[in-house]
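Listed below, chain by chain, are the residues.
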Amino acid sequence: MTTTERFALSEQELELLPSDEDVAFYAEHGWYMSKKLFTDAEVDELVAASERYYAGARSRRLPVRPPRLAYWTPERGDVQRHNDYVHYESDPLAKLLLKPVIGAVAARLAAAEEIRVFQSTLIYKPPVSGEPSNIVPWHFDKHYWASSSSENMLTAFIPFHDCDEDMGTITMVDGSHRWTEIGADDSTTRHFAERDRSQLERMLVENAAYNGADVRKIPMVIAKGHMSFHHCRTYHGSGANTSARPRRAVSLHLQDGANEFREFPLADGTFAFYNHDSVVRKTSDGRPDYSDPDYCPVLWRR
Ligand SMILES: O=C(O)CCC(=O)C(=O)O
Ligand SMILES: [Fe+2]
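Here the residue numbers are simple positions, counted from 1 along each chain's written sequence. Key to labels: chains lettered from A, ligands numbered from 1, both in the order written. Local features in this predicted model are restricted to residues of pLDDT 70 or higher, and side-chain atom pairs are both shown and tallied only at a pLDDT of 80 or more, whereas totals for entire chains, interfaces and linings draw on every residue.

The name an unreviewed UniProt entry gives the protein is Phytanoyl-CoA dioxygenase, with Actinophytocola xanthii as the organism.

Considerations on the overall build of the protein
The secondary structure content of the protein amounts to eight helices and eleven strands. Computed over its C-alpha atoms, the radius of gyration of the protein comes to 18 Å, within 12% of the 19 Å expected for a compact globule of 302 residues. In terms of its C-alpha atoms, the protein occupies a principal-axis envelope of roughly 50 × 50 × 45 Å. Remark: C-beta atoms are placed from the backbone, and a residue is labelled buried if 20 or more other C-beta atoms sit within 10 Å of its own, exposed if 12 or fewer do, or partly exposed between those counts. A burial count over the protein gives 39% of its 302 residues as buried. In the protein, of all internal contacts separated by at least 6 residues, the share reaching a separation of at least 24 is 85%. Secondary structure is summarised from DSSP: a helix means a run of H or I of at least four residues, a strand means a run of E of at least two, and numbering begins at the N terminus for each. The atom set for the radius of gyration is the C-alpha atoms, and the globule formula is 2.2 Å times the number of residues raised to the power 0.38. Contact between two residues is assigned when their C-beta atoms, built from the backbone, lie within 7 Å.

So, the environment of Glu131
Mapping Glu131 onto the fold places it in the loop between strand 3 (114–125) and strand 4 (136–139). For Glu131 and Ala107, which are 24 residues apart along the polypeptide, the C-alpha to C-alpha distance reads 36 Å. In this structure Glu131 touches Val79 and Pro126, once residues within four positions along its chain are discounted.

Brief notes about the pairing of strand 3
Counting buried positions along strand 3 gives ten out of twelve residues, so the element sits mostly inside the fold. One requirement defines pairing of two strands: DSSP has to find at least two bridges between them. As judged from the four bridges shared by strand 2 (residues 81–84) and strand 3, these two strands associate in the antiparallel manner. If you follow His82 over to strand 3, its bridge partner there is Ile123. Relative to strand 11 (residues 298–301), strand 3 is paired through three bridges, and the arrangement is antiparallel. Within the sheet, the bridge partner assigned to Arg116 lies in strand 11 and is Val298. Alignment of strand 3 against strand 10 (residues 247–256), held across ten bridges, turns out to be antiparallel. Note on strand 10: the bridge partner recorded for Val117 is Leu254.

Section: the nonpolar core
For this analysis, nonpolar core means a set of buried Ala, Val, Leu, Ile, Met, Phe, Trp, Tyr and Cys residues linked through C-beta atoms within 7 Å. If you look at the biggest cluster of nonpolar residues, it comprises 64 residues, and the most contacted ones within it are Ala106, Ala156, Phe229 and Leu254. If one sorts the elements of this core by residue count, helix 7 (residues 100–110) sits on top with eight residues. Ignoring anything within four residues of it in the chain, the contact list for Ala156 reads Ile102, Ala106, Met227, Phe229, Leu252 and Leu254.

Here we look at helix 8 (residues 197–210)
The length a helix should cover is 1.5 Å for every residue beyond the first. Along its 14 residues, helix 8 runs 20 Å from first to last C-alpha, staying within 8% of the 20 Å computed at 1.5 Å per residue. Met203, Leu204 and Asn207 are the residues of helix 8 that are buried. The buried residues of helix 8 occupy one face: seen down the axis, they fall within an arc of 105°. Turned more than 90 degrees away from the buried face of helix 8, the exposed residues are Ser198, Val205, Glu206 and Ala209. Buried residues along helix 8 sit in contact with strand 4 and strand 6 (170–173). Of the residues trailing helix 8, Gly212 is marked for its positive phi of about 60°. Read the arc as the range of directions from the helix axis to the C-beta atoms.

Section: the environment of Asp292
Tracing the backbone through its elements, the reader meets Asp292 in the loop between strand 10 and strand 11. With eleven residues separating them along the chain, Asp292 and Arg281 place their C-alpha atoms 6.2 Å apart. Apart from residues no more than four positions distant in its own chain, Asp292 is found in contact with Val280 and Arg281.

Focus on unusual backbone geometry
The backbone of Tyr85 sits at a positive phi, close to 60°, despite the residue not being glycine. Here Tyr85 shows up in the loop between strand 2 and helix 5 (86–89). The phi torsion at Ala111 lies on the positive side, around 50°, for a residue other than glycine. Counting through the fold element by element, Ala111 comes out in the loop between helix 7 and strand 3.

A word on the site of ligand 1
As a structural note, the neighbourhood of ligand 1 is formed by Ile123, Val136, Asp141, Thr155, Phe157, Ile170, His236, Ser238 and Ser251. Secondary structure elements with two or more residues in the shell around ligand 1: strand 5 (154–159) and strand 9 (236–238). Any residue that is not Ala, Val, Leu, Ile, Met, Phe, Trp, Tyr, Cys, Pro, Asp, Glu, Lys or Arg is counted as polar, Gly included; the first ten are nonpolar and the last four charged. Residue composition of the shell around ligand 1, grouped by class: four nonpolar, four polar and one charged. Residue proximity rests on one test: whether the C-beta atom, placed from the backbone, lies within 6 Å of the molecule or strand.

Here it is, written out as structure tokens:
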């Protein structure tokens, strides 16, 4: 199959791309709600494939365990589940997640010629209203991606069912990707699960005030088959799952074609690290290759 065939969109799929107004909305607000990109049958297959994954099914396993890998296993019990690299370890999930139209939507939003997968995290919030691990504190994804050169990366949040506030859906802080950040320190490059929650809430309020902005929180009410996209500097978080059903989703983190590893010095004299740096091949000048097709496959190319 040629590249053109592999990423070709049908007439119906072309209708699903963001309009010029949608692209302008994303540039202003830092988030975008997609049209229906998956059929109901595809979403149901995501649920089935994720259940097989949770039961232990793998197409292959990571060759090493990177230092900051999120990797829920059943003995952890009924806490929020996060599992990274599911597009690598599960072909049935990858087959669905690598749907070119998702990349084509992201390419429009990011004004990019190519979109590659950066990471995919399978997420499950158990239906336990008081479960503290279900709360996702305010953060923006670029905090974890300091070793990436791009300022245009973005994330598709893909729930496997209708998803609303009762389920603890993802909530965006409107327009926050345009804020200048104050008070960042190296602790922000650690995953939010390892960081102090009240400190993050305080940082959000202080950053908004510094930018003369209000904190406008917009819960993404997402219908089955749709997904929200957010810019890598858009603050977001999510609350409790007070519904009677698990909240199932994938966060599909995406990089534009130009993204590459850069050395980003931290205060302690070391460089920022991403889990890929343990597993991907090297570029000719010895850096981790964020276009390694095994870990960072092309989702769409013009
Ligand atoms: O699971 C959530 O509600 C938030 C996920 C998230 O942080 C992301 O998609 O970047
Ligand atoms: Fe995030």
